[in-house]
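# Coordinate inspection notes
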Amino acid sequence: MGSQNKEFKNLKEQTEILANKGLVINDPDYAMEILLRENYFFLSGYRHVFINEGTNRFIEGTTFEELYSLFRFDRKFRNIIFKNLLIIENNVKSILSYKLSLKYGYREKEYLNPKNFTNNPAKKRQVNDLIKKMKRQIKANATQHSATMHYVQNYGYIPLWVLVKVLSFGIVGELYSILKNDDQISISEEYGLDQATFSNYIIMLSNYRNLCAHEDIVFENKTQRAIEDTKYHKLLNIPVEANEYQSGKTDIFALIIIVKQLLKSDEFLNMANEIRDAFSELHDELHSIKLDKVLSRMGFPSNWYDLTTIDNKMKVDKEDYDIEQDDLETQQEMKKSFTSDEVRREEVRFHKEAKRERREIEREYRQQERQENEIDELLNRDNKPDNRKGFF
């Protein structure tokens, strides 16, 4: 049975549809102006946060202004994400082109040599197809893009570091996937990641880049791919059920965790501050629901902002631990040293005492010997004849 065709509805009818579902329209003219500029279909895509569970009706008291505030929040959030994805895209393209140019050369015939890529038989067709795709990009942009035109006209070739400028992030991700293992490692190590994780991140970032570029709903987007568990899941104490983290895996917060690992710390801090400000503005404009409901649908834990300082805290904790270990080792060494000193002092004291006792014994012996000599002298003197008698 075929589905019923959707009929065109004018602006007044569109506002009436929303009102019939329980949305409060305080200013019909304002609502129609917004619907004309923003599109009923796009705007109504944000209604789900405000719908009573199990029904198709808005939570009592929900206003058109609240619905539009969430729409505007997502636009602001999407733009914050998008500009930071562009930073990451440029960084990845720069690192990849530098590493490959350094190793294989900077002319097309050098860096597009099939021998530079994986020799995995299962990827042979993918390698050939991607090389052809990149050659088509070179041909198409040779006379269209200012940078490529400059090199073609002046040098007769397009170096890889210029070519990546006109390659989509998707093609760059595919290029990474067919590199030799040691080349993949060389690039992923720049971010402190293994090549499998980095490859997965590039695919997800490319998808989000396209999502942002086409003004799709981003704040509660879910991906088919899940990111691996990271230290940030554990450090933020994200709830676990059935051995699985309940957020930060396929939701938009998973993207924030990815970006955290790819941006420099000051860049991530700037992004986080902008997101926090956007949350603050939305908080002030919501009345029928709390901001926590939006955060929950995004997968953001209440302590998400700790991501801006968590690495510094880990560094400080490690330094404190190292200091404690050093102190402990020092104390142990001191204890050993103290124990050795005690032993030495005890030995010295013992020898001094023994020497003193020996001197005392020797002194007593000499004194006794003198006394005995004196007695012998007296005895000897008494036993001698008195020669003086003959003189009297």
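So, how was this worked out
- Residues numbered from 1 in each chain as written.
- Predicted model: local features only at pLDDT ≥ 70, side-chain atom pairs only at ≥ 80, totals over all residues.
- Heavy atoms only, no water.
- Helix = DSSP H or I, 4+ residues; strand = E, 2+ residues; numbered from the N terminus.
- Buried < 20%, exposed > 50% of the residue type's maximum accessible area, 1.4 Å probe, protein only.
- Contact = heavy atoms within 4.5 Å.
- Areas by Shrake-Rupley, 256 points an atom, 1.4 Å probe, with all protein chains shown as cover.
- pLDDT = per-residue confidence, 0-100.
- Lys, Arg positive; Asp, Glu negative; His and termini not counted.
- Salt bridge = Lys/Arg side-chain N within 4 Å of Asp/Glu carboxyl O.
- Axes fitted to C-alpha atoms, helices over the stretch in contact; angles between N-to-C directions.
- Parallel < 35°, antiparallel > 145°, perpendicular 65-115°, else oblique.
- Left-handed = near helix turned anticlockwise from the far one by under 90°.
- Nonpolar A, V, L, I, M, F, W, Y, C, P; charged D, E, K, R; others polar.
- Phe/Tyr/Trp six-rings, centres within 6.5 Å; stacked < 30°, edge-to-face > 60°.
- Lys NZ or Arg CZ within 6 Å of the ring centre and 35° of its normal.
- Core = buried A, V, L, I, M, F, W, Y, C linked by side-chain atoms within 4.5 Å.
- Expected span 1.5 Å × (residues − 1).
- Arc of directions from axis to C-beta.

Moving on: the overall build of the chain. Counting secondary structure elements, the chain contains 16 helices and two strands. Burial status across the chain gives 38% buried among its 392 residues. A separation threshold of at least 6 residues defines the contact pool for the chain, and within that pool the share at least 24 residues apart is 69%. Of the roughly 25000 Å² that the chain leaves accessible, carbon and sulfur atoms contribute 49%.

Next up on the list: the confidence of the model for the chain. Looking at the chain, pLDDT values average 87 and 80% of them are 70 or higher. Low pLDDT, under 50, characterises residues 386-392; the predicted model gives this stretch zero contacts beyond four residues in sequence or across chains.

Our next topic: the side chain of Glu-267. Assignment of secondary structure puts Glu-267 in helix H14 (residues 265-285). The buried charged residue Glu-267 lacks any salt bridge, with Lys-264 as its nearest oppositely charged partner at 4.4 Å. When residues no more than four places from it in sequence are discounted, the contact partners of Glu-267 are Asn-84 and Ile-87.

At their nearest, the axes of helix H2 (residues 28-38) and helix H4 (residues 64-104) sit 11 Å apart, and the two run at 30° to each other. Looking at the two axes, H2 sits roughly parallel to H4. Regarding H2 and H4, the two cross each other, and that crossing is left-handed. Contacts between H2 and H4 pair Tyr-30, Ala-31, Ile-34, Leu-35, Arg-37 and Glu-38 from the former with Phe-64, Glu-65, Tyr-68, Phe-71 and Arg-75 from the latter. Class assignment of the residues belonging to the contact of H2 with H4 gives a composition of seven nonpolar, no polar and four charged.

If you walk through the whole model with that rule in mind, you get 21 aromatic pairs. Relative to Phe-198, the ring of Tyr-176 lies with its centre 5.0 Å away and its plane at 70°, an arrangement referred to as edge-to-face. Here Tyr-176 is found in helix H9 (residues 169-177), whereas its partner Phe-198 is found in helix H11 (residues 195-213), with 22 residues between them in sequence. Phe-198 shares its class with Tyr-176; the two are buried. Consider the rings of Phe-300 and Trp-304, whose centres lie 5.4 Å apart with planes at 70°: the pair is edge-to-face. The class of Phe-300 is buried, set by a relative accessible area of 6%. Look at Trp-304 and you get buried, because its relative accessible area is 7%. Each member of the aromatic cluster is reached from another via a ring pair, and the members are Phe-73, Phe-77, Phe-253, Phe-279, Phe-300, Trp-304 and Tyr-305. Between Arg-72 and the ring centre of Tyr-68, over which it is positioned, the NZ or CZ distance is 5.2 Å.

Take the environment of Glu-60 next. Structurally, the position occupied by Glu-60 is in the loop between helix H3 (40-44) and H4. Along the backbone, Glu-60 and Ile-289 are 229 residues apart, and their C-alpha atoms lie at a distance of 9.9 Å. Contact partners of Glu-60, with chain neighbours within four places excluded, come to Asn-52 and Ser-288.

One finds Phe-64, Phe-73, Val-294 and Phe-300 to be the most contacted residues of the largest nonpolar core, which totals 97 residues. Considering each element in turn, this core owes the most residues, 15 residues, to H4. In contact with Val-294, other than residues within four places in its own chain, are Val-49, Leu-70, Phe-73, Phe-219, Leu-282, Leu-286 and Ile-289.

Okay, helix H6 (residues 124-141) next. For H6, which comprises 18 residues, the first-to-last C-alpha distance of 26 Å matches the rise-based estimate of 26 Å (1.5 Å per residue) to within 8%. Of all the residues in H6, the buried ones are Val-127, Leu-130, Ile-131, Met-134, Ile-138 and Asn-141. Seen end-on, H6 carries its buried residues on one side only, within an arc spanning 105°. Facing away from the buried surface of H6 by more than 90 degrees, the exposed residues are Arg-125, Lys-132, Arg-136 and Lys-139. Those residues of H6 that are buried lie in contact with helix H5 (108-111), helix H7 (146-155), helix H8 (160-163) and H9.

A few words on the packing of H11 against helix H13 (residues 252-262). Where H11 meets H13, the closest approach of the two axes is 11 Å, and the angle between their N-to-C directions is 120°. Compared by their axis directions, H11 and H13 come out oblique. Handedness of the H11/H13 crossing: left-handed. Within the contact between the two elements, H11 uses Phe-198, Tyr-201, Met-204, Leu-205 and Tyr-208 and H13 uses Ile-252, Leu-255, Ile-258, Val-259, Gln-261 and Leu-262. Here the contact of H11 with H13 is composed, by residue class, of 10 nonpolar, one polar and no charged.

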